[in-house]
Amino acid sequence: MLQTNNNSGGKTILVAGGAGFLGSHLCERLLGQGNRVICVDNYLSGTKANLAHLRNHPSFSAVEQDICTKFAVGEPLDQIYNLACPASPPRYQTDPVHTLMTSVGGANNLLQMAAEHGAAFLQASTSEVYGDPEEHPQRESYWGHVNCTGPRACYDEGKRAAETLCFDRLRRGEVDARVARIFNTYGPRMQPDDGRIISNFVVQALRGEPLTIYGSGEQTRSFCYVDDLVRGLIALMNVDPNPHQPVNLGNPGEFTVNALAEQVAALTGAGGGVVKRPLPVDDPRCRRPVIDRAAALLGWKPEVALSEGLALTVAWFRDNLTPARPHRKEAGHDVTAQLVAKAEHR
Ligand code: NAD
Ligand code: UDP
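Each value, and the rule that gives it
- Residues numbered from 1 in each chain as written.
- Chains lettered and ligands numbered in written order.
- Predicted model: local features only at pLDDT ≥ 70, side-chain atom pairs only at ≥ 80, totals over all residues.
- Heavy atoms only, no water.
- Helix = DSSP H or I, 4+ residues; strand = E, 2+ residues; numbered from the N terminus.
- Rg over C-alpha atoms; globule rule 2.2 N^0.38 Å.
- Buried < 20%, exposed > 50% of the residue type's maximum accessible area, 1.4 Å probe, protein only.
- Near = heavy atom within 4 Å.
- Polar contact = N/O pair within 3.5 Å; in protein donor to acceptor, adjacent residues only side chain to side chain.
- Areas by Shrake-Rupley, 256 points an atom, 1.4 Å probe, with all protein chains shown as cover.
- Contact = heavy atoms within 4.5 Å.
- Disulfide = S-S within 2.5 Å.
- Nonpolar A, V, L, I, M, F, W, Y, C, P; charged D, E, K, R; others polar.
- Core = buried A, V, L, I, M, F, W, Y, C linked by side-chain atoms within 4.5 Å.
- Salt bridge = Lys/Arg side-chain N within 4 Å of Asp/Glu carboxyl O.
- Patch = residues over 30% accessible without salt bridge, like charges linked within 9 Å, V, L, I, M, F, W, Y side chains within 5 Å.
- Pairing = 2+ DSSP bridges.
- Expected span 1.5 Å × (residues − 1).
- Bend = angle between axes of the 7 residues up to and from the residue.

A. Local environment of the overall build of the chain. Looking only at helices and strands, the chain has 11 helices and 13 strands in total. Relative to a compact globule of 346 residues, whose C-alpha radius of gyration would be 20 Å, the chain shows 20 Å and is just as compact. Each principal axis of the C-alpha atoms in the chain carries an extent, and together these give about 55 × 45 × 35 Å. Counting over 346 residues, the chain shows a buried share of 54%.

B. Spotlight on the site of ligand 2. Near ligand 2 there are 18 residues, and of these Asn 200, Thr 212, Arg 221, Asp 283 and Arg 287 occur at the shortest range. Residue Gln 219 places a side-chain N or O atom 3.0 Å away from an oxygen atom belonging to ligand 2. Here Asp 283 contributes a side-chain N or O atom positioned 2.6 Å from an oxygen atom of ligand 2. Starting from 510 Å² of accessible surface for ligand 2 in isolation, the protein chains cover 96%.

C. Geometry of the environment of Gly 46. Structurally, the position occupied by Gly 46 is in the loop between strand S2 (36-41) and strand S3 (60-64). Sequence separation between Gly 46 and Ser 24 is 22 residues; the distance between their C-alpha atoms is 8.7 Å. Leave out the neighbours within four places in its chain, and Gly 46 touches Ala 19 and Gly 20.

D. Looking closely at the state of the cysteines. For the structure on display, the rule yields 0 disulfides. Considering cysteine sulfurs only, Cys 154 is the nearest to Cys 85, which forms no disulfide, with 7.9 Å between them. Given the relative accessible area of 16%, Cys 85 is considered buried. Cysteine Cys 286 shares no disulfide, and the gap to the nearest cysteine sulfur, in Cys 224, comes to 18 Å.

E. Spatial organisation of the site of ligand 1. What surrounds ligand 1 is a group of 30 residues, the closest being Leu 22, Asp 41, Ser 45, Tyr 155 and Thr 185. Here an oxygen atom of ligand 1 and a backbone polar atom of Leu 44 are 2.8 Å apart. In isolation ligand 1 has 820 Å² of accessible area, and contact with the protein removes 97% of it. Every element with two or more residues in the shell around ligand 1 is listed here: helix H1 (21-32), helix H3 (96-117), strand S5 (120-126) and helix H4 (153-171). It is S5 that contributes the most residues to the shell around ligand 1, 3 residues altogether. Residue composition of the shell around ligand 1, grouped by class: 14 nonpolar, 12 polar and 4 charged.

F. Structural context of the nonpolar core. If you look at the biggest cluster of nonpolar residues, it comprises 59 residues, and the most contacted ones within it are Tyr 81, Leu 233 and Leu 249. Residue contributions to this core peak at 7 residues, all from helix H6 (residues 226-238). Core analysis: the second largest hydrophobic core is formed by 23 residues, Ala 16, Ala 114, Ala 119 and Val 175 among them.

G. Representation of the environment of Thr 164 in the model. Structurally, the position occupied by Thr 164 is in helix H4. When the C-alpha atoms of Thr 164 and Val 104 are compared, they prove to be 9.5 Å apart, with 60 residues separating the residues in sequence.

H. Region of interest: the pattern of salt bridges. Under the defined criterion, the tally for this structure stands at 21 salt bridges. One salt bridge in this structure joins Glu 128 and Arg 152, with 2.7 Å as the shortest N-O distance. Remark: Arg 152 occurs in the loop between S5 and H4 and Glu 128 occurs in the loop between S5 and H4; sequence separation between them is 24 residues. Arg 152 shares its class with Glu 128; the two are buried. The shortest N-O distance in the salt bridge between Asp 176 and Arg 178 comes to 2.9 Å. Counted as one network, the salt bridges with shared partners bring together Glu 128, Arg 152, Arg 221, Asp 283 and Arg 287.

I. Structural context of a nonpolar patch on the surface. Together, Val 97, Leu 100 and Met 101 make up an exposed nonpolar region whose accessible area comes to about 260 Å². The residue Val 97 is located in helix H3 in this model. Judged by relative accessible area, Val 97 falls into the exposed class, the value being 55%.

J. Main features of the pairing of strand S4 (residues 79-82). On S4, burial covers both faces: Gln 79 and Tyr 81 on one face and Ile 80 and Asn 82 on the other are all buried. In the sheet, strand S1 (residues 12-16) pairs with S4 via 4 bridges, with the strands oriented parallel. When the bridges of S4 are listed, Leu 14 appears paired with Ile 80. The sheet contact formed by S4 and S5 spans 4 bridges and is parallel. From the neighbouring strand, Ile 80 faces S5, where its bridge partner is Phe 121.

K. Summary view of H3. The end-to-end C-alpha distance of H3 is 31 Å, a good match for the 32 Å that 22 residues give at a rise of 1.5 Å each. At Thr 102, H3 shows its maximal kink, close to 35 degrees. Taken together, the buried positions of H3 are occupied by Thr 99, Thr 102, Ser 103, Gly 106, Ala 107, Asn 109, Leu 110, Leu 111, Met 113 and Ala 114. Packed against the buried residues of H3 are S1, S4, helix H2 (89-94), S5, H4 and strand S6 (176-182). Positioned one or two residues after H3, Gly 118 has a phi angle of 65 degrees, which is positive.

See the structure below:
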C-alpha cells in the first residue's frame, strides 16, 4: 500500500506517469487548482527532476511504482489520470513487450483501482490509434489503419486495447472512464534524449548540429503546446455528463517535418543545416486532428501557436542545456550524455 500524506482540500487525484513530460505539467496544474496529487511513476522515461519543484508541496506525494504490478492507495481517490507509458517511438520500442503490458495490463490495474474507489478515470490515448491514416484529417469516427505486427504496434495496439477496456468497463457501469486521443504535444521538460522531433530539433539546433530529417521530410504532424493539452485533459476529466466517446485533443495546425526544421533553425539561428536519415518503419505520412468534438463538448481549443510554443520550448532548453564545446567531442566524450545528465540532475 502506498504511503501518502493527508490533505483536507479539493479532490484527491492520482496521476500515473506524473514524472513524465505531460504528467509533470498536469501534476503542477492540478496542485495549482487546490487538489491533492499523488504521482505514481516507475521513472522509465520520466525523471525525478521533472518533479523537483513540486517535491515540497504539502499536497503532493510521489511514489515509485510500475503500474503493471497491482498496488493500492491508502486514501480515497476522486480521480485517476493514466499517462503512464513512454510516448517517444524509440523509447516505447526499446522494450515493446513492457510497453504493451503497460498499455493494457497497467491500464486495467488502474481501471480496477478506479472502480474500487468510485473514481473518475482518464486514459491518455493517442493519435497513433489512427496509425498511418487513410482518412485525413482524423475524426474520432475513423477506425484507423494500424499494422498490428510492426514495430509501432506495441504502442498503437496497446493504446487501442486500453480504449477497449475503458469503454467496456464504462458500458458495464464499473468506471466513469474518459478517453483523450492526444496528438503530438511538445514543450518544456521533454527529455533532451527523448527522440521525438521537437526535442531532437531544438537540442540539435542549440548544439550547432545538423537537424536529423527522417525520410523526405514531407510527412506532416500537428503540434500542440503542453499548456493547451493539459487544459484539455482537465476539461475532459471534469465534463458532466461523461461523453461516452473518445475525444481528440491536439492543435489542427499541420506542418511538414521540413517546415518544422526551418522554423526551429530560424528561431535558434542554427547554422548546422540538416542531415537526412532513413524513415522509420510504419511512420505515419500525415496527421491532423479534427477537434470539433472537443470544442462542442468541452469548449476547448488550443490557444498557443506553434511559433509561440516553439519559442517557449527553445527558451527552456537554452536554460537547461549547456551547448557542447567542440573540444569535448574531439576528446571522445559523449556530449549528448553530458547534456542529458545536466538536464536530468536539475
Ligand atoms: P513521457 O515518456 O514523458 O511520460 C510517460 C511517463 O510514464 C514517464 O514518467 C514514465 O517513466 C512513466 N511510465 C512509463 N511506463 C510506466 C509504467 N509501467 N509504470 C509507471 N510509470 C510508467 O511521455 P509523455 O509525452 O508525457 O506522454 C504521457 C502520456 O500521454 C503517455 O501515455 C502517452 O502515450 C500519451 N501521449 C502523449 C503524446 C505526446 O505528444 N506527448 C501524444 C499522444 C499520447
Ligand atoms: N522525425 C524526424 N527527425 C527526428 C525525429 C522525428 O524527422 O529527429 C520525424 C518522424 O519520422 C516523424 C515525425 O518526425 O515523421 C514525428 O516524429 P515523433 O517521433 O516526434 O512523433 P510520432 O512519429 O510518434 O508522431
